Structures are given as C-alpha cells and as structure tokens.
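Notes for the structure review
What follows is the residue order along each chain.
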Amino acid sequence: MRIVFAGTPSFAAAALAALIDAAPGRGWTIPLVLSQPDRPAGRGMKLTAGAVKQLAQAHGIPVDTPASLRKGDEAAAARQRLRDAAPDVLVVAAYGLILPQDVLDIPAGLRPGWSPRLTAINIHASLLPRWRGAAPIARAIEAGDESTGITIMQMDAGLDTGPMLLAGAVPISPEATSGALTDTLAGLGARLIVEALSRVSELVATPQPDGATYAPKIDKAEAWLDWTQPNRALARRVRAFDPYPGASTLLQGTPIKVWRAAAVSARSTAVPGTVIDAEAAGVTIACGDGALRVTELQRPGGKRLGAREFLAGFPLRAGERCQSPPAE
C-alpha cells in the first residue's frame, strides 16, 4: 500500500508517526507528505515548519507545501506531484486546506481487494455527525459534552459529511483543556488509522445519521469572557480556549489571560464582572449565575502564574470591575 499523508500540526504528526512505525511490517510505503507552508511563530516570528513537516523530513520523506490545491499554477503542479506519487490511499488529519474532489479522486485504488471508495480517508476529532468542522475539540468542551472521540471517515467534497469507517470514544474529564484533550485524541487517532488501514478489506462504510452539529473555527474575538454568563459556562470556555486563543478579561485596563478557573457558589449580589475577593487561593469574580474562582492568570508579556504570584505583582481588591474589551 502506498500512502500519501496530508496534515500539519502535532495532532496529525502522531498519526504520521504511527504509520511510519507500522509501515515496514505491513509492506506500506509513504512516498509523499503534504503539509501547510511554514508559518511565522514564536517571539521572533521566524518561519517555522509544522510538526508533520518536521517529522517527515526527519525520516527522509519528501514534503510538498502548496498554499492551495484548488486553483492556479502552484495548485496544478502540486496535484501533478500527488499523481506522480501514485498513492493507493490519501490519509488526511488536520491538514488545514480544502481538498477539492479532483484531488480526492487521485489515489489509484487499484490494489486487489481495495475499494475505490476508501482512497481518501480523514481522521476527524469528534464522534460524527456531532461537531463537523474546524474546531471540534474546543466546541465539545465549551458545550459541556461528557465524551468525544475519533471518527475515521471517507472523504467527500462536503464538510466532514462522508461515511464513517471506524470510531473510538473517550470521556471528557471536568478538568480537560483543549490542549490536553487534543493530545489524548491524537493518540487515539494514531491507533485507529493504523487499525483502519490494516483492516481495509473488512471495513464497512456507514452513512452518518441525522443530527449534525458544526464546530466553527475559534475566533480571537471569542476569547473575551462575558461575565453575565453562568459560571459553569465560563469555566468551560476557559478550558476550551486553552491553549488558543486563551480566555481574556480586562482588569485595571489591562488585558489579562485567564488560564485556569472553577465555578463556585456565591451569595454576593455584586454586578457580574465584579471582583468579590482576591486571595492567594484565587480571584473570585461575580458571574451572571454564581462566581468564577480564577487560579491561573497571565499579564501581557508575562508568564502564566498562580493567583498568589500574580497578585504579588498585580494587586487587586474587592469591588474592582472587569471592563469590556476595547472597541475594534
């Protein structure tokens, strides 16, 4: 089996690593990897390769990084290089580019017993049809879902609408952040894609049932906490937006990141957004329902700090208010 892999971040790199490890014993080869172009990153904003590109290069696998596979000379050249790789299957995980139908149709699918329907397969980080779209992990946490998982699915031109081949579930713990849950799902996705390709002749494609929900991409503007919301909803949002974009509020006119928080009961009649108390155990802020105790915060240019260390350099007192964000 000739496998072309398309992916970019560490979530996808876990799957590629599993395929690389499994390949020799199963007679698989990976003639090409597709990944997004290098992006500026870090304080110096230097161009940095994604985790998938770095892993592929470390194993001597050719990497192609077209900015698009849809239109233009660059896209046409990239499609030709994909054809030249003669893949039996295209495995996609968090690639970040839309793949048109003519790209999905490139894998040859001519091996004996190999179904042409299985030539383009996606590793999606939810239990479809719930949370189709770009941010399924964060949206599952934000919504308060008790579980999520990985769906291995056939790809079509729709947005995560193809038939399902294999799935596995994991619980979402009350403390789970998007970062931690992404790591868990990356490991599950890596195991399931190896299993799926090892059992390809046995897999049965099952159409997705009705009841789809969508997980739109996280916008930075969503980071600002609305203190009129219930405390449990805000606590979930803090976890959902860790590590990106990080939940935020304005205190003393300064944008402050809120990295860890828990919903607590409060008898205070304070206006939502009011600091009820500021102690070493946490900064308690009134919400539309109850209060939120914030235990890890960050000033601009600073590090994540526990409440005690944060308050030592940024004193707060009861009665101060979290302000609205500046107008765009």
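Shown above is the structure to which this text applies.
Since this is a predicted model, take the numbers as computed values, not measurements. (Residues numbered from 1 in each chain as written. Predicted model: local features only at pLDDT ≥ 70, side-chain atom pairs only at ≥ 80, totals over all residues. Heavy atoms only, no water.)

1. Some remarks on the side chain of Thr8
Examined against the element boundaries, Thr8 turns out to sit in the loop between β1 (2-7) and α1 (10-26). In terms of polar contacts, Thr8 uses its side chain to reach the backbone carbonyl oxygen of Tyr95, at 2.9 Å. (Helix = DSSP H or I, 4+ residues; strand = E, 2+ residues; numbered from the N terminus. Polar contact = N/O pair within 3.5 Å; in protein donor to acceptor, adjacent residues only side chain to side chain.)

2. A look at the sheet that holds strand β2 (residues 29-34)
The strand order across the open sheet built from 7 strands is β5-β2-β1-β6-β7-β9-β10, with neighbouring strands paired in mixed fashion. Two strands lie at the open edges of the sheet, namely β5 (63-64) and β10 (164-171), each paired on one side alone. Of the pairings in the sheet, the one linking strand β9 (residues 147-154) to β10 comprises 7 bridges and is antiparallel in character. If you follow Met153 over to β10, its bridge partner there is Met164. (Pairing = 2+ DSSP bridges.)

3. Details of the nonpolar core
Grouped together as the largest cluster of nonpolar side chains are 56 residues, with contacts concentrated most on Phe5, Leu19, Ile152, Ile193 and Leu197. Leu234, Ile256, Ile285 and Phe310 belong to the second largest nonpolar core, which has 22 residues in total. (Core = buried A, V, L, I, M, F, W, Y, C linked by side-chain atoms within 4.5 Å. Buried < 20%, exposed > 50% of the residue type's maximum accessible area, 1.4 Å probe, protein only.)

4. Some remarks on the side chain of Thr151
Structurally, the position occupied by Thr151 is in strand β9. In terms of polar contacts, Thr151 uses its side chain to reach the backbone carbonyl oxygen of Ser126, at 2.7 Å. Those residues in contact with Thr151 that lie beyond four places of it in its chain are Asn122, Ile123, His124, Ser126, Leu127, Leu128, Met164, Leu166 and Ala167. (Contact = heavy atoms within 4.5 Å.)

5. Comments concerning helix α7 (residues 231-240)
What α7 keeps buried is the set Asn231, Leu234, Ala235, Val238, Arg239 and Ala240. Those residues of α7 that are buried are in contact with α5 (136-143), α6 (178-198), β12 (247-251), β13 (254-264) and β16 (291-298).

The values reported here are purely geometric and, on their own, carry no functional implication.
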